[in-house]
Amino acid sequence: MKITIVCYPTFGGSGVLATELGMSLANHGHEVHFIAYKKPVRLKDSDKNIFFHEVKVPEYPLFNFQPYELALSTKLVEVIKLYSIDLMHVHYAIPHAYAAYMAKKMLKDQGFNVPIVTTLHGTDITLVGNHPFYKTSVNFSINKSDIVTCVSESLKKDTLDQFEIYKDIDVVPNFIDISKYKRQQELCVEENPDSNKELIITHVSNFRPVKNIKNVIQIFYNIQEKISSKLMMIGEGPDKEMAEDLCRDLSIENKVHFLGNTNQVEKNLCHSDLFLLPSTTESFGLAALEAMASKVPVVSSNAGGLPEINIHGETGYLTDANDIKSMSDYAISILENPNVLEEFKIKAFNKAESFDINKVVPIYEKIYSKALKQLK
Ligand code: GMT
């Protein structure tokens, strides 16, 4: 099959997932064409069957805002015709599903019939998409997609509650390549065989307000009072400076390391003992799943789809997003006893295995076949 994947090229979960999916489809022999405004950060150059097409939006003084959707739909039409593409898979409704619908209409006019699969990721529904400025268009483009998928049962419910959707929505969970994490764990043990080390707590995100970064720092503050530990903060984003200030105010700046963005999160996670994710909204929590695949238990909020991944009392614990005390107590209860920690690590990894890439990518392949069949 020849597939175009439209996604955000950034470190955010939707772009990461779309890139991993595309690379896996290419491994399965499909021809995959990524379309984005920049090369996706996780996309490897060397992969065969993979193409990248950049959407360029030239500056023009009349435009206060550059018309990205226009440039994207034009690029879709061009690529689909040039490479005889069978199907568009767009990740994140805004503005990708909207641009795909325009492309589909233009192509139809020229005698090409190309279906759209839209995957909803979270903030496109729960935060941005339902804003009155966008809602009508988001609702329209979801309904006009040939197949709609979303990444958790919780996001499906939110979508049906907040929009008027008359299409079926298939839940296809996010995934990880468990073999990659297993390999990394072996390397980590070789590099650092001494297990009597200071405990490492990790947080990975885009440091946006929904990630509740302030709580990550507060929870770590409580942990380090009882347990010798350090905190690794991975990512970049608007609340980073506030978090750095808070660390200084609490005099823990020497124990908190801000590492910036990374393309190889598994290398940091394999040395970690606990992952914190107190988000106020989280449709799935790919970062939590990546931690679990690295044998790291998760203390998280119970928001959105997190309870579908993180199992309370088994792979970690869940509380309300602002219940700093319970999160701190739960974290300490896992970390203070090496046997308990080991048990949580094993269960976290076992749960992550159920989200392995080999289980999930074939579901997308079936969905593509269904979308193509529906055309006939
Ligand atoms: O978490 C973010 O702010 C980034 C956002 C994105 O669109 O990349 O992540 C969303 O999609 C991920 C992949 O499906 C999910 O794992 C995240 O839970 C979801 N984020 C939110 O719902 C806040």
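These numbers come from a predicted model, not from an experiment.

### Topic: the overall build of the protein chain
In step 1: If you tally the helices and strands in the protein chain, you get 14 helices and 13 strands.
In step 2: Against the globule reference of 21 Å for 376 residues, the protein chain gives a C-alpha radius of gyration of 21 Å, in line with a compact fold.
In step 3: Principal-axis analysis of the C-alpha atoms gives the protein chain an extent of 65 × 45 × 35 Å.
In step 4: Taken over 376 residues, the protein chain has a buried fraction of 53%.

### Details of the state of the cysteines
In step 1: Counted according to the given criterion, the structure contains one disulfide.
In step 2: Across the disulfide, Cys188 is cross-linked to Cys270 (sulfur-sulfur distance 1.6 Å). Disulfide Cys188-Cys270: torsion about the S-S bond near -45 degrees, hence left-handed. In this pair, Cys188 sits in helix H7 (residues 178-191) while Cys270 sits in the loop between helix H10 (265-269) and strand E11 (274-277), placing the two residues 82 residues apart along the sequence.
In step 3: This cysteine, Cys150, is not joined by any disulfide, and Cys7 carries the nearest cysteine sulfur, 18 Å off.

### Here we look at the domain arrangement of the protein chain
In step 1: Segmentation of the protein chain into domains returns domain 1 (2-175 + 357-374) and domain 2 (178-353).
In step 2: Look at where the C-alpha atoms of domain 1 and domain 2 centre, and you get two points 30 Å apart.
In step 3: Of the residues lining the interface, 20 residues belong to domain 1; the matching set on domain 2 comes to 16 residues.
In step 4: The junction of domain 1 with domain 2 conceals about 1,400 Å² of combined surface from both sides, 54% of it contributed by carbon and sulfur atoms.
In step 5: Contact with domain 2 buries surface across domain 1, with Phe11, Arg42 and Asn174 losing the most and accounting together for 37% of the total.
In step 6: Across the contact surface, domain 1 and domain 2 share two salt bridges.
In step 7: The shortest N-O distance in the salt bridge between Arg42 and Glu290 comes to 3.1 Å.
In step 8: Where domain 1 packs against domain 2, one counts nine residue pairs in polar contact (both at pLDDT 80 or more).
In step 9: Elements that contribute at least two residues to the side of domain 1 that touches domain 2 include exactly helix H1 (13-27) and helix H6 (153-162).

### Side note on the site of the ligand
In step 1: Near the ligand there are 17 residues, and of these Ser14, His121, Asn174, Lys211 and Glu282 occur at the shortest range.
In step 2: At 2.7 Å from an oxygen atom of the ligand is found a main-chain nitrogen or oxygen belonging to Ser14.
In step 3: Between the ligand and the protein, one listed contact pairs an oxygen atom with a backbone N or O atom of Phe284 at 3.1 Å.
In step 4: Surface burial for the ligand is 93%, taken as the share of its 480 Å² of free accessible area covered by protein chains.

### Here we look at the packing of helix H8 (residues 213-226) against helix H12 (residues 324-335)
In step 1: Packing of H8 against H12 leaves a shortest axis separation of 9 Å and a crossing angle of 45 degrees. By the angle class used here, H8 and H12 are oblique. Note on packing geometry: the crossing formed by H8 with H12 is right-handed. The residues of H12 that touch H8, namely those facing Asn215, Gln218, Ile219, Asn222, Ile223 and Lys226, are Ile324, Met327, Ser328, Ala331, Ile332 and Leu335.
In step 2: Among the residues forming the contact of H8 with H12, the class breakdown is seven nonpolar, four polar and one charged.

### Some words on the sheet that holds strand E10 (residues 256-260)
In step 1: Read from one edge to the other, the open sheet built from six strands follows the order E10-E9-E8-E11-E12-E13, with strand pairing classed as parallel. Looking at which strands have only one partner, the edges of the open sheet turn out to be E10 and strand E13 (316-319). Strand-to-strand, the axes of this sheet are offset by a mean angle of 20 degrees, without reference to chain direction.
In step 2: When strand E8 (residues 199-204) meets E11, the two strands line up parallel, connected through two bridges. Bridge assignment links Ile201 to a residue of E11, and that residue is Leu274.

### Re the nonpolar core
In step 1: In this structure, Leu25, Leu120, Phe175, Phe275, Leu289 and Tyr368 are the most contacted members of the largest nonpolar core, which totals 67 residues.
In step 2: Among the elements that line this core, the one with the most residues is helix H14 (residues 357-375), at eight residues.
In step 3: Among the domains, domain 1 (2-175 + 357-374) and domain 2 (178-353) are the pair contributing at least three residues each to this core.
In step 4: Within the second largest apolar cluster, 28 residues are counted, among which are Ile217, Ile227, Met233 and Leu274.

Cut-offs applied
- Residues numbered from 1 in each chain as written.
- Predicted model: local features only at pLDDT ≥ 70, side-chain atom pairs only at ≥ 80, totals over all residues.
- Heavy atoms only, no water.
- Helix = DSSP H or I, 4+ residues; strand = E, 2+ residues; numbered from the N terminus.
- Rg over C-alpha atoms; globule rule 2.2 N^0.38 Å.
- Buried < 20%, exposed > 50% of the residue type's maximum accessible area, 1.4 Å probe, protein only.
- Disulfide = S-S within 2.5 Å.
- Domains from an automatic or database assignment.
- Contact = heavy atoms within 4.5 Å.
- Buried area = accessible area lost by both parts, 1.4 Å probe.
- Salt bridge = Lys/Arg side-chain N within 4 Å of Asp/Glu carboxyl O.
- Polar contact = N/O pair within 3.5 Å; in protein donor to acceptor, adjacent residues only side chain to side chain.
- Near = heavy atom within 4 Å.
- Areas by Shrake-Rupley, 256 points an atom, 1.4 Å probe, with all protein chains shown as cover.
- Axes fitted to C-alpha atoms, helices over the stretch in contact; angles between N-to-C directions.
- Parallel < 35°, antiparallel > 145°, perpendicular 65-115°, else oblique.
- Left-handed = near helix turned anticlockwise from the far one by under 90°.
- Nonpolar A, V, L, I, M, F, W, Y, C, P; charged D, E, K, R; others polar.
- Pairing = 2+ DSSP bridges.
- Core = buried A, V, L, I, M, F, W, Y, C linked by side-chain atoms within 4.5 Å.

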